[in-house]
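Working through the structure, step by step
Spelled out from the first residue to the last, the chains are:
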Amino acid sequence: MSEMLSGAEILCRALVDAGVEVVFGYPGGAIMPFYHALPDHPQLRHILVRHEQAAAHAADGYARASGRAGVCVATSGPGATNLVTGLAAAHMDNSPVVAITGQVSRPMIGRDAFQETDIIGITLPITKQNYQVRDVTELAAVVADAMAVALDGRPGPVLIDVPKDVQNQKIEWHPSQKPRDTRAGPRGQSLTPGASPGSQEDGVRAAARLIKGAERPLIMAGHGVILADAYAEVRALAEKTGIPVITTLLGISAFPDGHPLHLGMPGMHGEVHVNRAIQHADVIIGIGLRFDDRVTGNTASFAPQARIIHIDLDRSEIGKNVPVAVGIVGDARDITRRLVAAVEPRRCERWLEHIRGFVRTRTESYRGDLSPEAILASIYEASHGECTIVTDVGQHQMWVAKLYPYQRPNSHITSGGLGAMGFAVPAAMGVHLARPNGTVWAISGDGGFQMNMAEMATMVQEGLPVKMAVFNNGYLGMVRQWQQFFHEKRYSCTPIWSPDYLKLAEAYGIPGYRVKQAGELAEAVGRANAQPGPALVEFMIEQEANVFPMIPPGGSLSEPIEAAPAGAAGD
Amino acid sequence: MSGHTVAVLLDDALVTVNRAFGVLRRRNVPIEGLALHPSGTAGEARLTFVLKADAATADRVAQQFHKMIGVRSVMVLANGDSPTEAKR
């Protein structure tokens, strides 16, 4: 049986067919036909955000927490351009976000029409693929294809631009008709170029040989371990060989914190013993990471003694940033499982003892007693270690990465590659929708929180019980720290005023708490955590607290800064 | 440093070609000359450029194109070599 459907109705049906349950969006002129059709599809829950950037970050948070595609919708022009930061963040962190934008009608395209923008051109470098649907008959197939592209292989964002007249166009629709594959290129092969099984086999054998002969081996686990659900395999590899494990910023929660083989985070703000271990290692097994500059510091002096085994799904990552001895292209879970089978059981006691010798006691000191460590411990205790933590960007992000004792897989979500301030609050809304039975804490600084705090209205209207933690030090703290260390302590434009967050929360009907001393932590955080709806806690932390240690930008992992420069420390 | 000639067969669609140019620009690829022709097969175009870089860079560039949706094959020709399809 066939029926006449508009492009907008087909779009909604295609989303339902793809299993989409939540759409984050904001209506506007060029996307109105979609919004007209939406109420007829109650399977699609729409979350009305207060800014399209939040829609993209929320879809990203949803995707990372669920492993499914996150969908966001915006109108043409400013709606579409407001998505850009969120798409760039999803692109850098390999998150399967599908963005749908309205566009001016086809006859108006290219004529600088009202709210026209070339969103295809703008998003080319920050999407895995994008589509402008010029023919309504292709719409359903494009949606199906976009979903597949976003999720296949190394995930990433895609954008579908739909002119308004295409949304309004009616065609005869046969529910049983198979979406036509609009892609001209050969399909059926993996979208990610994979090595042939033979060379994977060679790679695994070569890797096992290197591991056998290694005296000071290290495992570096990245985001790929989480994306590939390779927790058990990485743990099995570590436990069979006794090799210690480092987790990168996006690899945090890929390996349980507190495990005797877990060392911590490497790189710019990595612990001294972690970076020293890298510099002394003779073999590094990198699983699902791209050896980002925040991890390696100056690549010329990175791990000078190590032969690197690099396991990555994306062939173009192998050898991109650091030279590798063995590159294995494939799924982190599959390759690691085969590596576990290929390696011989061994221990690394002497090497672990060696690394323990690098451990430094924390040098951070905080005026008063409200330390980041105490704050994070209170959140851990209040949520019984069961919550998902979403962080923003800056000092608090590094404190959380270093100090929060993650136990559950994929319970740490942050904007790593792009480092987009304003990410935490909207992304946490997406995380809640993906994990409605769990607690989610959005941790921000006073800078990042003010970027997207309008989303408190979204939380109230849509009933999203996100717990917000604001680390208030009155500064854009990370930039201030750089100014202190590298710019003669000239605090140019980093002092930042905040409104009274408790009154602000109250204006939204959200309970708010302010913590000035450690003694107040348990009660305030506990009460916020127990709220059935959203809640906000402001922590008045030491104004000029720093994140130590720190590798100066472009510096070597061997030369950390472990204290504030002389004459500049907290005076 | 030996040069390489790279030929990319890709979908003859403006958005795909645009994305291919974007790879060259965004990845800061040192190129000399750039030509786009119909390949002779309907719906397919050939993008050709000379890469002023070593073999390792040429391979990285080939891999960046390989993962681009709409790219069908990538050929890399080093000076004095016969053309070979870049391994995935």
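Looking only at helices and strands, chain A has 23 helices and 20 strands in total. Its C-alpha atoms give chain A a radius of gyration of 24 Å, within 12% of the compact-globule value 25 Å for 571 residues. For chain A, the C-alpha atoms occupy an extent of roughly 75 × 65 × 40 Å along the three principal directions. A burial count over chain A gives 56% of its 571 residues as buried.

The secondary structure content of chain B amounts to two helices and five strands. In chain B, the succession of α and β elements from N to C terminus is β-α-β-β-α-β-β. Classification of the 88 residues of chain B by burial places 31% in the buried group. Within chain B, contacts between residues at least 6 apart in sequence are counted, and of these 60% link residues at least 24 apart.

A few words on the sheet that holds strand β19 (residues 512-515) of chain A. Residue and element names in this part refer to chain A. Strand order across the open sheet formed by six strands is β16-β15-β17-β18-β20-β19, with parallel pairing between neighbours. Each of the sheet's edge strands pairs with one partner strand only, and the pair in question is β16 (412-414) and β19. Neighbour-to-neighbour, the strand axes of this sheet turn through a mean angle of 20°, independent of strand direction. In the packing of helix α17 (residues 395-403) onto the sheet, contacts are made with β15 (388-391), β16, β17 (440-445) and β18 (467-472), and the angle to β17 comes to roughly 135°. Its contacts with the sheet put helix α18 (residues 424-434) on β15, β16, β17 and β18, and the angle it makes with β17 is roughly 175°.

Our next topic: the confidence of the model for chain B. Looking at chain B as a whole, the pLDDT averages 88, with 86% of positions reaching at least 70. Interface predicted TM-score (ipTM) for the complex: 0.79; the corresponding pTM is 0.93.

This next bit is on helix α1 (residues 14-26) of chain B. Residues and elements named next belong to chain B. Between the first and last C-alpha of α1 there are 18 Å, a value that for 13 residues agrees with the 18 Å anticipated at 1.5 Å per step. The inward-facing, buried residues of α1 contact β1 (4-11), β2 (31-38), β3 (44-51) and α2 (55-66). Looking one or two residues beyond α1, the residue adopting positive phi is N28, at roughly 60°.

Bringing the packing of α18 of chain A against helix α20 (residues 455-462) of chain A into the picture now. Residues and elements named next belong to chain A. Interhelical geometry of α18 versus α20 gives an angle of 20° and a closest axis separation of 9 Å. Classed by the angle they form, the pair α18 and α20 counts as roughly parallel. Considering only the axes of α18 and α20, their crossing is left-handed. Here V425, P426 and M429 of α18 lie close against α20, whose contacting residues are E455, T458 and M459. Of the residues assigned to the contact of α18 with α20, the class counts are four nonpolar, one polar and one charged.

The next subject is the sheet that holds strand β13 (residues 307-312) of chain A. Residues and elements named next belong to chain A. Taken together, six strands build an open sheet; the order of strands is β11-β10-β9-β12-β13-β14 and the sheet is parallel. Both outer strands of the open sheet, β11 (262-264) and β14 (326-329), are each paired with one neighbouring strand and no more. Along the sheet, successive strands turn relative to each other by an average axial angle of 20°, direction set aside. In this structure, strand β9 (residues 217-221) lies alongside strand β12 (residues 283-287), joined through five bridges in parallel fashion. Bridged to A221 within β12 is I287. Set on the sheet, helix α14 (residues 332-342) makes contact with β12, β13 and β14; between it and β13 the angle comes to about 130°.

Secondary-structure assignment places A55 of chain B in helix α2. Between the C-alpha atoms of A55 of chain B and A13 of chain B, which are 42 residues apart in sequence, the distance is 29 Å.

Moving on: the domain arrangement of chain A. All names here are of chain A. Taken domain by domain, chain A holds domain 1 (3-173), domain 2 (197-356) and domain 3 (372-540). With centres defined by C-alpha atoms, the gap from domain 1 to domain 3 works out at 29 Å. Tallying the contact residues gives 24 residues for domain 1 and 26 residues for domain 3. When contributions to the side of domain 1 that touches domain 3 are tallied by element, the ones reaching two or more residues are β2 (22-25), β3 (45-48), α3 (52-66) and α5 (84-92). In terms of residue count, α3 provides more of the side of domain 1 that touches domain 3 than any other element does, 11 residues in total. Its residues assigned to classes, the side of domain 1 that touches domain 3 shows 13 nonpolar, seven polar and four charged.

Thresholds, definitions, all that
Residues numbered from 1 in each chain as written. Chains lettered and ligands numbered in written order. Predicted model: local features only at pLDDT ≥ 70, side-chain atom pairs only at ≥ 80, totals over all residues. Helix = DSSP H or I, 4+ residues; strand = E, 2+ residues; numbered from the N terminus. Rg over C-alpha atoms; globule rule 2.2 N^0.38 Å. Buried ≥ 20, exposed ≤ 12 C-beta atoms within 10 Å, placed from the backbone. Contact = placed C-beta atoms within 7 Å. Pairing = 2+ DSSP bridges. Axes fitted to C-alpha atoms, helices over the stretch in contact; angles between N-to-C directions. pLDDT = per-residue confidence, 0-100. Expected span 1.5 Å × (residues − 1). Parallel < 35°, antiparallel > 145°, perpendicular 65-115°, else oblique. Left-handed = near helix turned anticlockwise from the far one by under 90°. Nonpolar A, V, L, I, M, F, W, Y, C, P; charged D, E, K, R; others polar. Domains from an automatic or database assignment.

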